[in-house]
Amino acid sequence: MKRQTIRLKDISKSSEQMVELNPADFMRLPYPYDTVDSEPAFKQLTEEQKKKYEVSVDGVVALSLPRPETKAEEDELVRKFLSGLGKLLTKENNWTFLQPLSLTLEYCAKCQTCNDACPIYTGSGKQEIYRPTYRSEILRMIYNKYLKRGGKALAKFTGNDIDLNWTTVARLAELAYRCTLCRRCAQTCPMGVDNGLVTHELRKLFSQEMGIAPIELHSSGSMKHLKDGSSTGLIPVALKDTVEFLEDDIKDRTGLDIKFPMDKEGADILLIHNAGEFLAWPENPMAFAIIFEAAGLNWTLSSQSIGYDAVNYGLWYDDVQLARVALKHAQIAKELGVKKIVIGECGHAHKAISVIADRVITGELNIPRESCMTLLEDIVLNGKLNLDPKRNDFPVTLHDPCNLVRLMGVVKPQRNILNKICPQFREMEPHGVKNYCCGGGSGFAIMPSMNFPDWRSSVSGRMKFKQILDAFQDVIDPNIRKMVCAPCSNCKGGIREILSYYDAWEKTGIAYTGLVEFIVNAMVDIGEPYIEWPDEM
Amino acid sequence: MPELELGGNTYEVDEDGFLQQLDKWNPQFAQDYAPLEGIDGELTEDHWKLINYIRDYYEEYGIAPMIRKLCKDCKFKLKYIYEMFPSGPAKGACKLAGLSKPTGCV
């Protein structure tokens, strides 16, 4: 069946759905997923959900955006959108991102080079509405028509004749959550245009000016982080219980007596993990503790609310929330008097506090921040641990978190480590700064509602799954156990869901874990293997 | 908020079927919900052991226990938990225990 052609202006025209997603159209996957029937059934929304929420982009819900009840409500939202867009384009309201946004709105040559760089566009089988320039071109038309002097009068002649109505606004809101902010598009653009930034600025407009954001990122995300101390709901007393459990578990598994240093004043290092690690992947903070103690580091965790959860979801959708959390992280480090903050295996937390918040945490609050990758590289490569690579003698590949590689340039440390301790390490192609997103970027991994997870695993994560399968094609037999190293909580979540969606452990023997787990697994002084495979848990 | 009718009672749940008011939970809720989670017949002693453990932990700490701790304290293998609750500890057992959907990077 031929797919219908979608034009830019279609975004304003009311219809049940702009596109119907059909897995048969998606990019083909390698063996053993190379037939259409190996694709799991895509969950459909209920009729009730379709009535209740804005679903008219692609029948997928990220925002749970309620449909306005009256025309007056719709008009008010459209007005807010336009005034918010105006604010994005003034230095008083958007000094951080005004320049790259203005350049992006003015200079796109519409060469569409970026389209093929986008894993969602290509993974979906080139759905027009997912191309990185689709939402940018619409935003540019709105800007040219409604905010530029004489724009409305000239709209018909300048090709900007778009109708700004609630349908347009609602669809732009959902479309702002069909991009993982991986910014491969920006990397490939010959003009330096940043279509990923357009997504980010749209999300910001919706959140800061209209109160529209995914529940998981805002009310049970950054708001919960500020209120309870962690977006996971891990309150300080629960952290204490958790850490005690981890100490016992280390003892049971390795015989080592390790106490997690808590709130140690004047320590060299304040280590901040993504709190999801404590709850979903406790082997990760345990491995950090084993390594740091074995290497003799002077380190501490914080037990203070917010100080033990490195996440900063504001990075993905709201500058105000970003600043609130970043300030709190810096204040806690300052009060402890530590020499530096080391960020655990969490990509977006790296970028939030190291790069983006750099101009928010000024003066005495600007405490040095270091990636755990460089610190671990120093430990592993400079012989501070007794390691035997033979203990990791199974096929391993490395997933590069976008925030670490493309967006920060931390590329070599993690592969130097794996090259040293994993004899069967093989790269995905492409990798490093040219990597592909896990599909869970920009918060997608923690948005588990309705049919969004199906979209994430089969569309936004598709290119990653293809890369993983390609990297292991020579050992794809499910009896050969193999591991994806994903040194980022969000990416681990994304990859866990892809592997589960496709039943990949059973069909291909592929499992996943973080980076420090491989290091501890190679430690000669630890008796039993540290890495646990799914069939051993 | 969507409503779910189970055994003649109506409960408020979220779009993914998680109970919204923890105090509306009762053992009958868990039993009546079981078939929707692919569990046939009466819940067994082990089902209840897990559900009660999750509820007690939640009452004390305001979150679901980590799976590792739950397995260790209840002396269950993860595989066995999946046999009991086919959608797993977080999506299945916690749902029957009346907890809301997990939040954050878990």
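Our structure's up above, just so we're on the same page.
One numbering rule holds for all chains: residues counted from 1, following each sequence as written. Lettering of chains starts at A and numbering of ligands starts at 1, both following the order in which they are written. Totals for whole chains, interfaces and linings use every residue, but because this is a predicted model, local features are given only for residues with pLDDT of at least 70 and side-chain atom pairs only at 80 or more, for both listing and counting. Excluded from the side-chain calculation are hydrogens and water; included are all heavy atoms of the structure.

Visitor: Any chance you could break down the overall build of chain A for me, citing the residues and the numbers?
Guide: Scanning chain A from terminus to terminus reveals 23 helices and eight strands. We take the radius of gyration over the C-alpha atoms and set the globule estimate at 2.2 Å times the residue count to the 0.38 power. Here the C-alpha atoms of chain A give a radius of gyration of 24 Å, agreeing with the 24 Å that 2.2 N^0.38 yields for 537 residues. In terms of its C-alpha atoms, chain A occupies a principal-axis envelope of roughly 75 × 55 × 45 Å. Scored against the burial criterion, the 537 residues of chain A give a buried share of 63%. In chain A, 78% of the contacts between residues at least 6 apart in sequence involve partners at least 24 apart. A total of about 20100 Å² of accessible surface is found on chain A, and carbon and sulfur atoms cover 50% of it. Side-chain charges in chain A split into 65 positive and 70 negative, and the spacing between the mean points of these groups amounts to 8 Å. Strands are runs of DSSP state E lasting at least 2 residues, helices are runs of H or I lasting at least 4, and numbering of each runs from the N terminus. Relative accessibility decides the category of a residue: with a 1.4 Å probe and only protein chains considered, values under 20% of the type maximum give buried, values over 50% give exposed, and everything between is partly exposed. By definition in these notes, contact holds between two residues if any of their heavy atoms fall within 4.5 Å. Accessibility throughout is a Shrake-Rupley quantity obtained with a 1.4 Å probe, and a residue counts as covered only by protein chains that appear here. The charge count includes Lys and Arg as positive and Asp and Glu as negative, but it does not include His or the ends of the chains. Note that the charge is assigned to NZ on lysines, CZ on arginines, CG on aspartates and CD on glutamates.

Visitor: Outline the sheet that holds strand S1 (residues 269–272) of chain A, supporting the account with residue identities and numerical values.
Guide: Residues and elements named next belong to chain A. An order of S2-S1-S3-S4 is seen for the four strands of this open sheet, with the pairing classed as parallel. The outermost strands of the open sheet, each flanked by one partner alone, are strand S2 (299–300) and strand S4 (369–371). Sheet topology note: the S1/strand S3 (residues 340–343) ladder contains four bridges and is parallel. Paired with Ile269 across the bridge in S3 is Lys340. An axis is simply a line fitted to the C-alpha atoms; with a helix, the fit covers only the stretch in contact. Between two such axes, the angle follows the N-to-C directions and lies from 0 to 180 degrees. Most of the contacts of helix H16 (residues 347–355) go to S3, to which it runs at about 155 degrees, and overall it touches S3 and S4. DSSP-based pairing: two strands are paired if at least 2 bridges between them are found.

Visitor: So what's going on with unusual backbone geometry? Which residues, and what values?
Guide: Residues and elements named next belong to chain A. In this structure, the amide linkage connecting Tyr31 to the following residue, Pro32, adopts the cis form with an omega of 0 degrees. Tracing the sequence through the fold places Pro32 in the segment before helix H1 (47–52). Even without a glycine there, the phi angle at Leu181 is positive, about 60 degrees. Its location among the elements puts Leu181 in the loop between helix H7 (166–175) and helix H8 (184–188).

Visitor: So what about the packing of aromatic side chains? Which residues, and what values?
Guide: We call Phe, Tyr and Trp rings a pair once their centres come within 6.5 Å, taking the six-membered ring for Trp, and we label the pair stacked below 30 degrees between planes, edge-to-face above 60, and tilted otherwise. Evaluation of the coordinates by the stated rule reveals 21 aromatic pairs over all chains. A ring pair is formed by Tyr501(A) and Tyr502(A), whose centres lie 5.1 Å apart and whose planes are at 80 degrees; its orientation type is edge-to-face. Like Tyr502(A), Tyr501(A) is buried. Relative to Tyr61(B), the ring of Tyr57(B) lies with its centre 4.7 Å away and its plane at 45 degrees, an arrangement referred to as tilted.

Visitor: Can you break down the pattern of salt bridges residue by residue, with the values?
Guide: Any Lys or Arg side-chain nitrogen found within 4 Å of a carboxyl oxygen on Asp or Glu counts as a salt bridge. If you walk through the whole model with that rule in mind, you get 49 salt bridges over all chains. Residue Lys251(A) pairs with Asp257(A) through a salt bridge whose shortest N-O separation is 3.2 Å. You can call Asp257(A) exposed: its relative accessible area is 67%. Members of the salt-bridge network, linked through shared partners, are Asp249(A), Asp252(A), Glu532(A), Arg68(B) and Lys72(B).

Any link to function would need more than the numbers given here.
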